[in-house]
Amino acid sequence: MEQIQMVDLRGQYARIKSEVDAGIREVIDSAAFVKGGKVAEFQHELEQYLGVKHVIPVGNGTDALQIALMALGLKSGDEVIVPTFTFVAAAEVAALLGLVPVLVDVDVRTFNVSVEAVKRAITPRTKAIVPVHLFGQNADMEALLSLAAEHGLRVVEDACQSIGAWYTFSDGRRVRSGCMGDVGCTSFFPSKNLGCYGDGGAIFTNDDSLAAAMRAIANHGMTVRYHHDRVGVNSRLDSIQAAVLQVKLRHLDEYGAARKQAAAWYDRAFADVDKLVVPVRVPQSEHVYHQYTLQLNGIDREALRAYLAERGIPTMIYYPVPLHLQQAYRDARYQPGDFPVAERLCQCVLSLPMHTELSEEQLEYITRSVLEYI
Ligand SMILES: *Cc1c(COP(=O)(O)O)cnc(C)c1O
């Protein structure tokens, strides 16, 4: 049996090596390393795939979020609601821009932002909500969008973990993750569901004027060369990354199917185990399993991790500390105990190996090892 990894990028590359190598070689031969044709080709292919009007390739997912918030015309002190149980990026860029990240608790079933908590956090200064589609399943967008419409708020989706995941509205409309709000952001960090071989990211929107603003911001605030209409940043996807992404986008649905198969295997093995809560799938969202995350019930997490590690099975804790208890985001507004769901999840979540190359033999071994420990 091959050594088990959290993410197996080497095994994935082996199956697409000739396509990827040809794409990279083409870029090197053309010497169009930045803003080459490959970037535009990939942009259009991703627009097609997502069914969205504008894709703006940028340097990484964090930049995507920052540029999105910069384009909304917010003022210093404006409030942006973000979940406290997530990766730090959305809160970080809000703080960097002089906005006030307002943290809220999450739903214990889905790990995604609680709509009730968002409702309670809205004040006259609230200008935007950043739902994070955590672990690959869309947040409750129908409820969030109607709340946002009611209060005149912008919605910036953090789709860094959920690219491709369909969401079905109650009227039957199906929309891909990141294409429902005003703006969607994604990351092409190597371990993401659509990952490149370095850093990369993209912004999605159906709004022409926001798209123009974000394109300019990502390019030093320029629309006409060397004329700077606003303060911008330098954030771009390079052509070699675009060449890799072009190949991997063609395989994305097949990669999603492989992740779902692995998740189904885990689900079957753990469904009747009282001490394990398997990830809940809500009917309105597809789950693309960026992570497969269990909740442990009365199990010593560190002991289980050590037991599995001894057997060559890596595990991860996403995330060990909620944002309101992080040194950088601690603030007089928040006390330990304020967000009990997030705080409990940080104590009891455990993510198992999840990638596109897991064999049945590996899945059998992982599930058997977990069950043996229990
Ligand atoms: C990965 C990730 C980001 C940041 O993406 P980078 O490309 O690493 O900047 C932001 N939000 C979430 C939820 C992520 O998983």
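Residues numbered from 1 in each chain as written. Predicted model: local features only at pLDDT ≥ 70, side-chain atom pairs only at ≥ 80, totals over all residues. Heavy atoms only, no water.

Participant: With reference to specific residues and values, describe empty space enclosed by the protein.
Facilitator: Tallied over the entire structure, the rule returns two cavities of 30 Å³ or more. There is about 50 Å³ of room inside the largest cavity. Every residue along the wall of the largest cavity is listed here: Val-7, Asp-8, Leu-9, Gln-12, Pro-190, Ser-191, Lys-192, Asn-193, Lys-248, Arg-259, His-355 and Thr-356. Of the residues that constitute the lining of the second largest cavity, the class distribution is five nonpolar, three polar and one charged. (1 Å grid on protein atoms, 1.4 Å probe; cavity = no way out; pocket = protein on both sides within 12 Å on 5 of 7 lines; lining within 4 Å. Points joined across faces, edges and corners; volume = space filled by probe spheres on them. Nonpolar A, V, L, I, M, F, W, Y, C, P; charged D, E, K, R; others polar.)

Participant: So what's going on with the sheet that holds strand β14 (residues 349-352)? Which residues, and what values?
Facilitator: Overall, antiparallel pairing links the three strands, which are arranged β12-β13-β14 in an open sheet. Unpaired on one side and paired on the other, β12 (276-277) and β14 mark the two borders of the sheet. Summarising the sheet, β12 and strand β13 (residues 292-296) pair through two bridges and their orientation is antiparallel. Within the sheet, the bridge partner assigned to Val-277 lies in β13 and is Gln-295. Contacts from helix α9 (residues 252-270) reach β12, β13 and β14, with the element oriented near 20° to β13. (Pairing = 2+ DSSP bridges. Helix = DSSP H or I, 4+ residues; strand = E, 2+ residues; numbered from the N terminus. Contact = heavy atoms within 4.5 Å. Axes fitted to C-alpha atoms, helices over the stretch in contact; angles between N-to-C directions.)

Participant: Explain the layout of surface pockets to me, and be specific about the residues and the numbers.
Facilitator: Put simply, the largest pocket is a space of about 460 Å³. Lining the largest pocket are 24 residues, with Phe-87, Gln-161, Phe-189, Ser-191 and Lys-192 positioned closest to its centre. For the lining of the largest pocket, the class distribution of residues is eleven nonpolar, nine polar and four charged. Of the volumes computed, that of the second largest pocket is approximately 370 Å³. In terms of lining, the second largest pocket is formed by 16 residues, of which the most central are Lys-35, Pro-57, Arg-215, Asn-219 and Arg-236. Listing elements by their share of the lining of the second largest pocket, those giving two or more residues are α2 (37-50), β1 (54-58) and α7 (208-218). Residues belonging to the lining of the second largest pocket are distributed by class as follows: eight nonpolar, five polar and three charged.

Any functional reading would require information that these geometric values do not contain.
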